[in-house]
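Residue-level structural notes
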Amino acid sequence: PDKRQRAFYGARARGGAALIITGGFSPNEAGRLEPGGPTLMAGDDLAPHRSVVDEVHQHGAKILLQILHSGRYAKHDNILGVSSIRSPINPRVPRPMTEEEIEATIEDFVNTAVLASRAGYDGVEIMGSEGYLINQFTAARTNDRTDRWGGSAENRSRFSVEIVRRIRTALGPAFLLMYRISAIDLVERGSTADEIDQLALAVQAAGADIFNTGIGWHEAPVPTIAFSVPRAAFSFAVRRLRKVVSVPIVASNRINMPDVAESLLADGACDFVSMARPMLADPDFVLKAQEGRPEDI
């Protein structure tokens, strides 16, 4: 598979992408999305990662490894959650994590970041949006804990803050730390805009260099990436967050033409634009935009 990954990410680096973020790698067994899902843990082979990183660097792009713990979205039997509240899109009921398991999971995030650094990645993206484990801590919808990891908004932010703080301590200032934050949850009893803004400030203070934005949880009833969603429909939430934080922020979701991306950058909604599906459709998206040939995308 690393040959295919190398070709896939290499094509996008060659095509003009400045920063590439991998798919999610779990920091431990429980965090896998499904049995056999990708992990980066002690004992995992770093060689395929180095191969991909070398290919991307050869074309002048940077690459981050995304660290993702699925929490109650996991489709396997050892499903761990913040609480025992089942997700409407998963029949399995999670077992609430003990305080020891929370501490161990934070250390697993740090360990994965250290391994990513050894493999040559320029940094990591901490997956804190879309309803995965970190997001499950931040929202009252999924967090009914009464210990120091639940209750007040500050307590619900603690997991995110500790992951970022400890990775920064372990890897120093040169390692790029991107935090993917849910700019808007779009679910009942999700975090309010004010809670999200406060979380962003706490995560920034803990050492995040840049925020990527996610829109909505996977279980949200509101469509966020479907064809029916107007282009850049959720940029208002990114714009709000950008006024709060002082580090760069990335806009995402339904930004699939160069003129849409350009207008967001020009009127200050964001500092960077992230694209996934457009790059699946055409790895030369950026080159064609730079050459003034958007009609060829």
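Residues numbered from 1 in each chain as written. Predicted model: local features only at pLDDT ≥ 70, side-chain atom pairs only at ≥ 80, totals over all residues. Heavy atoms only, no water.

1. Some thoughts on the nonpolar core
- Core analysis: the biggest nonpolar cluster contains 71 residues, and Ile126, Phe159, Tyr179 and Phe211 have the highest contact counts within it.
- In terms of residues, this core owes the most to one element, helix H3 (residues 99–118), which gives seven residues.
- Apart from the residues lying within four places of it in its own chain, the contact partners of Tyr179 are Ile126, Gly128, Ile134, Ser160, Val164, Leu199, Val203, Ala208, Ile210, Phe211 and Asn212.
- Counting residues in hydrophobic clusters, the runner-up holds eight residues, among them Tyr73, Met127, Tyr132 and Ala220. (Core = buried A, V, L, I, M, F, W, Y, C linked by side-chain atoms within 4.5 Å. Buried < 20%, exposed > 50% of the residue type's maximum accessible area, 1.4 Å probe, protein only. Helix = DSSP H or I, 4+ residues; strand = E, 2+ residues; numbered from the N terminus. Contact = heavy atoms within 4.5 Å.)

2. Topic: empty space enclosed by the protein
- Here the structure, examined in full by the defined rule, presents two cavities of 30 Å³ or more.
- Considered as a void within the structure, the largest cavity measures approximately 90 Å³ in volume.
- Lining the largest cavity are 13 residues, and of these Thr138, Ser191, Glu195, Ile196 and Leu199 sit closest to its centre.
- For the lining of the largest cavity, the secondary-structure elements that each account for two or more residues are helix H4 (133–138), helix H5 (153–171), strand S6 (176–184) and helix H6 (193–206).
- Its residues assigned to classes, the lining of the largest cavity shows four nonpolar, six polar and three charged.
- When its volume is computed, the second largest cavity comes out at roughly 30 Å³.
- What lines the second largest cavity is Arg72, Gly81, Val82, Ser83, Ile85, Pro94, Gln136 and Thr142.
- Considered class by class, the residues forming the lining of the second largest cavity number three nonpolar, four polar and one charged. (1 Å grid on protein atoms, 1.4 Å probe; cavity = no way out; pocket = protein on both sides within 12 Å on 5 of 7 lines; lining within 4 Å. Points joined across faces, edges and corners; volume = space filled by probe spheres on them. Nonpolar A, V, L, I, M, F, W, Y, C, P; charged D, E, K, R; others polar.)

3. Considering the pairing of strand S1 (residues 19–25)
- Here S1 pairs with strand S2 (residues 62–67) via five bridges, running parallel. Looking at S2, one finds that Ile20 is bridged to Ile63.
- Between the parallel elements S1 and S2, the chain passes through helix H2 (residues 47–58) in a crossover that is right-handed. (Pairing = 2+ DSSP bridges. Right-handed = clockwise from strand over helix to strand, strands pointing away.)

4. Brief notes about helix H8 (residues 258–266)
- Taken together, the buried positions of H8 are Pro258, Val260, Ala261 and Leu264. Considered in projection along H8, the buried side chains sweep an arc of 165° and stay on one side of the axis. Away from the buried face of H8 by more than 90 degrees, exposed residues Asp259, Glu262 and Ala266 are located.
- Residues of H8 that are buried in the fold lie against helix H7 (235–244), strand S8 (249–251), strand S9 (272–273) and helix H10 (285–290).
- Directly beyond the C-terminal end of H8, a positive phi value near 75° is found at Gly268. (Arc of directions from axis to C-beta.)

5. Looking at the packing of H5 against H6
- At a closest axis distance of 8 Å, the pairing of H5 and H6 adopts a crossing angle of 25°. Relative to H6, H5 is oriented roughly parallel. For the pair H5 and H6, the crossing hand works out as right-handed. Along the contact surface, H5 presents Ala153, Arg156, Ser157, Ser160, Val161, Val164, Arg165 and Arg168, while H6 presents Glu195, Leu199, Ala202, Val203 and Ala206. (Axes fitted to C-alpha atoms, helices over the stretch in contact; angles between N-to-C directions. Parallel < 35°, antiparallel > 145°, perpendicular 65-115°, else oblique. Left-handed = near helix turned anticlockwise from the far one by under 90°.)

6. Some points on the sheet that holds S9
- Spatially, the seven strands line up as an open sheet ordered S1-S2-S5-S6-S7-S8-S9, and their pairing is parallel. The sheet is open, and its two edges are formed by S1 and S9, each paired on a single side.
- Those strands touched by H7 are S6, strand S7 (210–215) and S8, and its axis lies near 125° from that of S6.

7. Description of the packing of aromatic side chains
- If you walk through the whole model with that rule in mind, you get seven aromatic pairs.
- Aromatic rings pair up to connect Phe109, Phe137, Trp149 and Phe159 into one cluster.
- Over the ring of Trp217 we find Arg141, and its NZ or CZ is 6.0 Å from the ring centre. (Phe/Tyr/Trp six-rings, centres within 6.5 Å; stacked < 30°, edge-to-face > 60°. Lys NZ or Arg CZ within 6 Å of the ring centre and 35° of its normal.)

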